[in-house]
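The primary structure of each chain is shown beneath.
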Amino acid sequence: MSASAILSVSTTFALVTLSLGLLLTVARIVRGPTLPDRVLGLDMLVAIAIGFIAVIAIRSGFNLYIDIAIALSLVGFLATVAFARFILARGLSPESGSGPLEDRRAVPVPKHGAAMPARRQKKGGRR
């Protein structure tokens, strides 16, 4: 086999594998079950898109696609960080299952004289 035939077979295999990964990732996003699962699925979609761009760059020999993949990776990273901050701001955590509409009275109150847990202070706020 020549080098061009090996390159053609390997890029075709990579595209088929990436397509399968894309379908499984979309299924994960649709299925969920939690918001962090969906955020990780979207991050994986960005990684798969970067893989597609890289394989197309190798197959076509056009190096500008690599710059596009780098830009997409930066945007994907910033989107993932923004989603993570959104999840933290809403107070959703997969461990506790608590949400913003949780009944605050269900939190146990310490007895008189017991040490109170420290509160987190918001930026720019007073104590």
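Nothing here was measured: the structure is a model prediction, and the numbers come from that model. (Residues numbered from 1 in each chain as written. Predicted model: local features only at pLDDT ≥ 70, side-chain atom pairs only at ≥ 80, totals over all residues. Heavy atoms only, no water.)

By secondary structure assignment, the location of L24 is in helix α1 (residues 3–31). Judged by relative accessible area, L24 falls into the exposed class, the value being 56%. Residues L24 and G41 lie 17 residues apart in sequence; the distance between their C-alpha atoms is 9.4 Å. (Helix = DSSP H or I, 4+ residues; strand = E, 2+ residues; numbered from the N terminus. Buried < 20%, exposed > 50% of the residue type's maximum accessible area, 1.4 Å probe, protein only.)

With 26 residues, helix α2 (residues 35–60) extends 37 Å between its outermost C-alpha atoms, agreeing within 8% with the 38 Å of an ideal straight helix rising 1.5 Å per residue. Listing the buried residues of α2 in full gives V39, G41, I48, G51, I53, V55 and A57. The positive-phi residue at the C-terminal boundary of α2 is G61, with phi of around 80 degrees. (Expected span 1.5 Å × (residues − 1).)

In this section: helix α3 (residues 64–90). Between its first and last C-alpha atoms α3 spans 39 Å; for 27 residues at 1.5 Å apiece the expected length is 39 Å, and the two agree. Those residues of α3 that fall on the buried side of the exposure criterion are A69, G76, T80 and I87. On its buried face, α3 is in contact with α2. Where α3 ends, the next residue or the one after it, G91, has phi of about 80 degrees, a positive value. (Contact = heavy atoms within 4.5 Å.)

Right, let's talk about the packing of aromatic side chains for a bit. Geometrically, a pair of aromatic rings is defined through the distance of the ring centres and the angle of the planes. One pass over the structure, following the stated rule, counts 1 aromatic pair. Ring geometry for F62 versus Y65: centroids 5.6 Å apart, planes at 80 degrees, classification edge-to-face. Of the residues examined, Y65 reaches a relative accessible area of 29% and is grouped as partly exposed. (Phe/Tyr/Trp six-rings, centres within 6.5 Å; stacked < 30°, edge-to-face > 60°.)

From the geometry alone we can't say anything about function, so treat these as descriptive.
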